Amino acid sequence: MEFGWTEAQKAYRQQLVDVLERELPEDWWENYAFDGPCHPKLMDFARGFNLKLAAEGLVVPHWPERYGGRDAEPWEHIITSEEMWSNGEPRSSLYMGTNWAGPAIMVFGTEEQKREHLLTLARGEVLWCQGFSEPSAGTDLAAMSTRATRTETGYRLNGSKVWTSYAKHADICFMLAKIDDAGKSKGAVTCFLLPLDTPGVQVRSITGIHMEDDLNEVFLTDVDLPESARLGGEGKGWEIVTAIIHNERIGAARYEYARRALDRAVMHVKQRGQFHGAVKGEAARALAACESARMLTYLVIDGRVKGREPGADTFIARYAIVMADHAVANFITSHLPDLLVEPGDGMFRAFFGCAIVSGVAAGAAEVQLNMISGRYLGLPRGA
Ligand SMILES: Cc1cc2nc3c(=O)[nH]c(=O)nc-3n(C[C@H](O)[C@H](O)[C@H](O)COP(=O)(O)OP(=O)(O)OC[C@H]3O[C@@H](n4cnc5c(N)ncnc54)[C@H](O)[C@@H]3O)c2cc1C
């Protein structure tokens, strides 16, 4: 593995830095990003910002040219993610589209779906969300009860989703439902690309402990979709989710966000004359957590560049990202608690809101360990 960035990669990062410097308003952390990338004000900002990124070719450089990219290596994808997440993710949920919804469509979609969804994504025109979790189906997704019944022209969806980040202001949802007559097993799970303005879709916000306006419930009442809204075959949902999970788990380069929050926290602690002894040790451990998460993520990207099949590395990296989030959040809570309370420091408030839920959102941390121990190390269940 090569640890240095090439001149072209450095220039690419600089291009992103320039756009961020130019486009983010001065009160970015205080008035836009403080409540996370799901906040309506940030999502509204993202609509214009994403178009500007696209105009400079900075949305999906790593995609094939025919889908709006320029065939760059996946390194450019992770560089983009690092710069965006460490600035509070000004693209909002566009990242879901570029990280995993788009790649899923690239592999499993029809030509019509590719034309429709990949090009609008590359142009930065759509915000996606993910409708997997349900009231009784989080980790155990196979227990989902949202149903898709066949109609003459396609499917009718009924059910409800919960914890659906971004849904209130997103355009389209990558939705899982079970085909009605295909039994209750994983084999019935099917993917649908559901425009959120479809009649019968109702979105209701839930206030979380971590931030307002992040979470939602999505109710589906006789939602009619054409057959062309189904991604992949009936019952292929599990296969698609299993394939994209490697992109989803590490697509958000949160270790860089944690690292920059840590640097800022150390600066504050130094200014207060409190950076000594055990405090330095704590900062060093948090720094090690951020950098190991970075290296483990790079290992996965390196595998992607070299065409290796994704494996346990993804789940190890994902777990390391959670540990980095927690280490830095704990450091800030221990030494700068006053800056987490309004007005405080907008960046800390934004980072903290994301960090405290990172062991649950996008799959519980414990489940990543289960994946590593069971699927890859072959350890017995319950041991
Ligand atoms: C901020 C946030 C944003 C989210 N955004 C979305 C979204 O956009 N779309 C979406 O579909 N979902 C989203 N979720 C839901 C998230 O994916 C689920 O919360 C998560 O998968 C856990 O499911 P659950 O809440 O049903 O908890 P459960 O599955 O009941 O798990 C609760 C806890 O039990 C333990 N546990 C459960 N099963 C196991 C196991 N097999 N092995 C070991 N431990 C286990 C873990 O500690 C876990 O944290 C979001 C959640 C949060 C907190």
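Quantities reported herein were computed from a predicted structural model and do not represent experimental measurements. Chains are numbered independently. Their residues run from 1 in the order of the written sequence. Local features in this predicted model are restricted to residues whose pLDDT is 70 or higher, and side-chain atom pairs enter the listing and the counts only when it is 80 or higher, whereas totals over whole chains, interfaces and linings include all residues. Based on all heavy atoms of the structure, the side-chain values leave hydrogens and waters out of the count.

A. Fine view of the packing of aromatic side chains. Classification of ring pairs uses Phe, Tyr and Trp, with its six-membered ring standing for Trp, and accepts pairs whose centres are within 6.5 Å; under 30 degrees between planes counts as stacked, over 60 as edge-to-face, and the remaining range as tilted. Counted according to the given criterion, the structure contains 18 aromatic pairs. Between Trp29 and Tyr257, the ring centres sit 6.2 Å apart and the planes meet at 20°, which makes this aromatic pair stacked. Pair noted here: Trp29 is in helix H2 (residues 28-33) and Tyr257 is in helix H8 (residues 254-271), with a separation of 228 residues, a long-range link. Relative accessibility thresholds used throughout: buried, under 20% of the residue-type maximum; exposed, over 50%; partly exposed, between the two (1.4 Å probe, protein chains only). Given a relative accessible area of 1%, Tyr257 falls into the buried group. Our definition puts a charge over a ring when NZ of Lys or CZ of Arg is within 6 Å of the ring centre and also within 35 degrees of the ring normal. Here the guanidinium or amino end of Arg13 rests over the ring plane of Trp5, the centre of that ring lying 5.3 Å away. Numbering of helices and strands runs from the N terminus, with a helix taken as a DSSP run of H or I at least four residues long and a strand as a DSSP run of E at least two residues long.

B. How the structure looks around the pattern of salt bridges. By definition here, a salt bridge exists when the distance from a side-chain nitrogen of Lys or Arg to a carboxyl oxygen of Asp or Glu is within 4 Å. Under the defined criterion, the tally for this structure stands at 30 salt bridges. We note a salt bridge from Arg294 to Glu256, for which the minimum N-O separation is 2.7 Å. Pair noted here: Arg294 is in helix H9 (residues 277-305) and Glu256 is in helix H8, with a separation of 38 residues, a long-range link. By relative accessible area, Glu256 is classed as buried at 8%. Via salt bridges that share partners, Arg13, Glu82, Glu83, Glu256, Arg259, Arg260, Asp263, Glu291 and Arg294 belong to a single interconnected network.

C. Representation of the site of the ligand in the model. Around the ligand there are 20 residues in total, and Gln130, Ser133, Thr139, Trp163 and Asn370 lie nearest to it. Nitrogen and oxygen atoms within 3.5 Å of one another constitute a polar contact, given that in protein one can donate a hydrogen and the other can accept it, and given that sequence-neighbouring residues count only through two side-chain atoms. In this structure, Gln130 approaches the ligand through a main-chain N or O atom, which is 2.7 Å from a nitrogen atom. At a separation of 2.5 Å, a nitrogen atom of the ligand approaches a polar side-chain atom of Asn370. Working definition of accessibility: Shrake-Rupley area with a 1.4 Å probe, residue cover restricted to the visible protein chains. Contact with the protein chains covers 67% of the free accessible surface of the ligand, which is 950 Å². The element contributing the most residues to the shell around the ligand is helix H12 (residues 365-376), with three residues. Classification used: nonpolar for Ala, Val, Leu, Ile, Met, Phe, Trp, Tyr, Cys and Pro, charged for Asp, Glu, Lys and Arg, polar for all others including Gly. By residue class, the composition of the shell around the ligand is nine nonpolar, nine polar and two charged. For each residue, the test is whether any non-hydrogen atom lies within 4 Å of the molecule or strand; if one does, the residue is near.

D. Representation of unusual backbone geometry within the structure. Cis geometry marks the peptide bond from Glu342 to Pro343; its omega dihedral reads 0°. Position of Pro343 relative to the elements: it lies in the loop between helix H10 (312-335) and helix H11 (346-355). Although it is not a glycine, Asp71 sits at a positive phi angle of roughly 60°. On the secondary structure map, Asp71 appears in the loop between helix H3 (40-55) and helix H4 (74-85). A positive phi angle is found at Ser92, which is not glycine, with a value near 55°.

E. Region of interest: the domain arrangement of the protein chain. Looking at the assigned domains, one finds that the protein chain contains domain 1 (7-127), domain 2 (130-234) and domain 3 (253-376). Throughout the structure description, domain borders are defined by an automatic or database domain assignment. The distance between the C-alpha centroids of domain 2 and domain 3 comes to 31 Å.

F. Representation of helix H6 (residues 111-122). Between the first and last residue of a helix there are one fewer steps than residues, each counted as 1.5 Å, and that sum is the expected span. Under the 1.5 Å per step criterion, the end-to-end length of H6 is 16 Å for twelve residues, consistent within 8% with the ideal 16 Å. Regarding H6, the residues found buried are Gln113, Lys114, His117, Leu118, Thr120, Leu121 and Ala122. Contacts are residue-level and defined by heavy atoms, with any inter-residue pair within 4.5 Å sufficient. For H6, the secondary structure elements touched by its buried residues are H3, helix H5 (94-108), strand E1 (128-131), strand E4 (172-179), strand E5 (189-195) and strand E8 (230-231). One or two residues past the end of H6 sits Gly124, with phi positive at roughly 70°.

G. Inspection of the side chain of Asp325 at higher detail. Locating Asp325 in the fold gives a position in helix H10. Residue class for Asp325 comes out buried when judged on its relative accessible area of 1%. For Asp325, the residues in contact, after removing those within four places along its chain, are Arg254, Ala258, Phe351, Ala355 and Ser358.

H. Structural context of the packing of H8 against H11. Taken N-terminus to C-terminus, the directions of H8 and H11 make an angle of 135°; their axes are 10 Å apart at the nearest point. The angle between H8 and H11 places the two elements in the oblique class. By crossing handedness, the relation of H8 to H11 is classed as left-handed. Residues Arg254, Tyr257, Ala258, Arg260, Ala261, Arg264, Ala265 and His268 of H8 touch H11, and the partners they reach there are Met347, Phe348, Ala350, Phe351, Cys354 and Ala355. The residue inventory of the contact of H8 with H11, partitioned by class, reads ten nonpolar, one polar and three charged. As a rule, the C-alpha atoms of each element are fitted with a line to give its axis, helices using only the stretch in contact, and angles between N-to-C directions run from 0 to 180 degrees. Any angle from 65 to 115 degrees is called roughly perpendicular, while one under 35 is roughly parallel, one over 145 is roughly antiparallel, and all others are oblique. Should the near helix be turned counterclockwise from the far one by less than a right angle, the crossing is left-handed, whereas a clockwise turn marks it as right-handed.

I. Seen up close, the pairing of strand E2 (residues 147-150). Here a strand pair is declared whenever DSSP counts at least two bridges between the two strands. Alignment of E2 against strand E3 (residues 154-162), held across four bridges, turns out to be antiparallel. The residue of E3 that forms the bridge with Arg150 is Tyr155. Here two bridges tie E2 to E4, and the two strands are oriented parallel to one another. The partner of Arg147 across the bridge, within E4, is Lys178.

J. Up close: the state of the cysteines. The definition used for a disulfide is geometric: two cysteine sulfur atoms within 2.5 Å. In the structure shown here, the tally under the stated rule is zero disulfides. Left unpaired, Cys173 is separated from the closest cysteine sulfur, that of Cys129, by 3.7 Å. Of the residues examined, Cys173 reaches a relative accessible area of 1% and is grouped as buried. Distance from the sulfur of Cys191, which forms no disulfide, to the nearest cysteine sulfur (Cys173) is 11 Å. Assessed through its relative accessible area of 0%, Cys191 is described here as buried.

K. Molecular detail of H4. Under the 1.5 Å per step criterion, the end-to-end length of H4 is 17 Å for twelve residues, consistent within 8% with the ideal 16 Å. Counting buried residues in H4 gives eleven out of twelve residues, a clear majority hidden from the surface. Among the residues making up H4, those that are buried are Trp75, Glu76, His77, Ile78, Ile79, Thr80, Ser81, Glu82, Glu83, Met84 and Trp85.

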